[in-house]
Amino acid sequence: MTLRRSRDVPALVDAAREGDPRAVARLISLVEDGDEALARIAAALAPHTGEAAVIGLTGSPGVGKSTTTNELVRAFRKADRRVGVLAVDPSSPFTGGAILGDRVRMQDHATDPGVYIRSMSSRGHLGGLSAATPQAARVLEGAGCDPVVIETVGVGQAEVEIAGLADTTVVLLAPGMGDAVQAAKAGVLEIADVFVVNKADRDGADTTYRDIQGMIGLGERAPGQWRPRVVRCVAARGEGIDELVEALEAHRAHLLGSGELQARRARRAEAEVEAIALGALRARMQDLRSGTALSDLARDVMAGRIDPYAAADALLAQLG
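In this text the structure is predicted, and so the values were computed from the model without any measurement.

Below, the discussion takes up the nonpolar core. V24, I28, L86, L140, I150 and F195 are the most contacted members of the largest nonpolar core, which has 42 residues in total. It is helix α2 (residues 21–32) that contributes the most residues to this core, 6 residues altogether. Residues in contact with V24, not counting those within four places in the same chain, are A16, Y116, V139, L140 and A143. Among the nonpolar cores identified, the runner-up in size contains 24 residues, and V85, I117, C233 and L244 belong to it.

Here we come to the packing of aromatic side chains. Scanning the model with the defined rule gives 0 aromatic pairs in all. Stacked on the ring of Y209, the Lys or Arg R232 has its end atom at 3.8 Å from the ring centre.

Orientation of α2 relative to helix α6 (residues 133–142), taken along the N-to-C sense of each, is 160°, at an axis distance of 9 Å. Taken as axis vectors, α2 and α6 run roughly antiparallel relative to one another. For the element pair α2 and α6, the recorded crossing hand is right-handed. Seen from α2, the contacting residues are V24, L27, I28 and V31; seen from α6, they are Q135, A136, V139 and L140. Its residues assigned to classes, the contact of α2 with α6 shows 7 nonpolar, 1 polar and no charged.

The next thing to look at is helix α11 (residues 260–289). Across its 30 residues, α11 extends 43 Å between first and last C-alpha, which sits within 8% of the 44 Å expected from 1.5 Å per residue. Looking at the buried positions of α11, the neighbouring elements they touch are β1 (54–59), α6, α10 (241–258), α12 (293–302) and α13 (308–319).

Moving on, we come to the sheet that holds strand β7 (residues 229–232). One open sheet accounts for 7 strands, arranged β3-β2-β4-β1-β5-β6-β7; its pairing is parallel. Looking at the sheet topology across the chains shown, the edges are occupied by β3 (115–121) and β7. Neighbour-to-neighbour, the strand axes of this sheet turn through a mean angle of 20°, independent of strand direction. Note that strand β5 (residues 168–173) and strand β6 (residues 194–197) share 4 bridges and pair parallel. From the neighbouring strand, L173 faces β6, where its bridge partner is V197.

Time to look at the packing of helix α4 (residues 65–78) against α10. Relative orientation of the contacting elements α4 and α10 amounts to 75°, with a least axis distance of 10 Å. Considering the angle they form, α4 stands roughly perpendicular to α10. Contacts between α4 and α10 involve T68, E71, L72, A75 and F76 on the former and, on the latter, I241, L244, V245, L248 and E249. The class makeup of the residues in the contact of α4 with α10 is 7 nonpolar, 1 polar and 2 charged.

It is worth spelling out the side chain of D35 at this point. Position of D35 relative to the elements: it lies in the loop between α2 and α3 (38–45). Residue D35 is classed as buried on the basis of its relative accessible area of 12%. Once you skip the residues sitting within four places of it in the chain, D35 turns out to touch R7 and L30.

Let us look at the layout of surface pockets. Size it by volume and the second largest pocket reaches roughly 570 Å³. E190, A192, D193, Q225 and R264 are, among the 26 residues lining the second largest pocket, the residues nearest its centre. Listed by contribution, the elements that provide at least two residues to the lining of the second largest pocket are α8 (188–191), α9 (205–218), α10 and α11. Sorting elements by how many residues they give to the lining of the second largest pocket places α11 first, with 5 residues.

What follows is about the pattern of salt bridges. The tally for this structure, following the rule as stated, stands at 18 salt bridges. The shortest N-O distance in the salt bridge between R264 and D193 comes to 3.0 Å. With a gap of 71 residues between them, R264 in helix α11 and D193 in the loop between α8 and β6 connect regions that are remote in the sequence. Here the two residues R264 and D193 agree in accessibility, since each one is buried. Note that E239 and R237 form a salt bridge whose closest N and O atoms lie 2.9 Å from each other. Judged by its relative accessible area of 36%, E239 falls in the partly exposed class.

Parameters and conventions
Residues numbered from 1 in each chain as written. Predicted model: local features only at pLDDT ≥ 70, side-chain atom pairs only at ≥ 80, totals over all residues. Heavy atoms only, no water. Core = buried A, V, L, I, M, F, W, Y, C linked by side-chain atoms within 4.5 Å. Buried < 20%, exposed > 50% of the residue type's maximum accessible area, 1.4 Å probe, protein only. Helix = DSSP H or I, 4+ residues; strand = E, 2+ residues; numbered from the N terminus. Contact = heavy atoms within 4.5 Å. Phe/Tyr/Trp six-rings, centres within 6.5 Å; stacked < 30°, edge-to-face > 60°. Lys NZ or Arg CZ within 6 Å of the ring centre and 35° of its normal. Axes fitted to C-alpha atoms, helices over the stretch in contact; angles between N-to-C directions. Parallel < 35°, antiparallel > 145°, perpendicular 65-115°, else oblique. Left-handed = near helix turned anticlockwise from the far one by under 90°. Nonpolar A, V, L, I, M, F, W, Y, C, P; charged D, E, K, R; others polar. Expected span 1.5 Å × (residues − 1). Pairing = 2+ DSSP bridges. 1 Å grid on protein atoms, 1.4 Å probe; cavity = no way out; pocket = protein on both sides within 12 Å on 5 of 7 lines; lining within 4 Å. Points joined across faces, edges and corners; volume = space filled by probe spheres on them. Salt bridge = Lys/Arg side-chain N within 4 Å of Asp/Glu carboxyl O.

This is the structure we're talking about:
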C-alpha cells in the first residue's frame, strides 16, 4: 500500500522522521479526519516531541501574516533549521471548504525539502485555529521540524487560542487599521510575547509603535517576568525580520531560563488532555441522542416531573 493511503502508523512515523513529505502529509490527513489511528499516531510520536520551538503568528486579516511567515521561514532556513508551517485558513460555513491561500503565498519554499507547509481549514472551529492543529503540530515536530510555525486564521478579537498552543506568540499589527486600540480591547496585549508593527514604512507606523509601547508600559508584571518586545517590519521587503528572529530567540532564552517553558507546556498538556476527554464525552452523548434516554428525560423536565439538573445527573450516570 502506498504512503498516501497507508494506515501503517510505525512505517508512516519512520518515513516522516526521515523527511518523507508524503508520510507527513498522510499523518496530518489522518489527524484532520479524526481517523481511528489517531491514538496510535499520538503514541508513536510522543517519544519524538517536546523539544521544538512552537511559534504562533496572529493578527487581523491584511496585516501581512503570510508574508511575515514566509520571511521568517527564509531566515530560519539560512540558519539550516528544518521548518514546519501550519497555516490555518477560514472555512465556508455552508460547504466547509476553504481557499487555502497561505500555501499559494509561500511558493518561495515549495521545492525546499527543509520546509514543510501545510494549509488547514478551520472547519468552523473558533479561536483562529483548527481542532486538529495541536496534533498536526506534533506530527511536524515528530518529523524533525524545529521550529514549528503556526499562522492563525486572522479573525480578530476572539483569536487568542494560539497562546495556549505556542511557546511564543507573535501579534502582528499594521498602521491605519486601529490595531493599537483593538489590542487593548481584545486582550491580545496579554497573549503577545512579541508585537510586530508590520508595513512600518506607512504613515502612522510610529504612532502605532508608540501606542503599543505605552500599553505595555501600563501593564503589571512580576519581577523577572517577560516584557513584550515591539519590532518594526516591512515584511514584503524582508526588513526587520532579523530583529524579529532576535526577539524570538530572546523570548526562548527567557522561557528556558525562568522555567516558564515547562509551565506553559504543562498547561498546554492539561488543555489537550481535557479537549480529548471532552471530545470522547461528546461522542458518547451523541450515542445517547440516537436512543431514547435523552428525549425521555427532556419530556420529564417539560412535564415538571424532574428538574434539569437532576436530569443532567441522570444522563451523566448513564455515561459512567
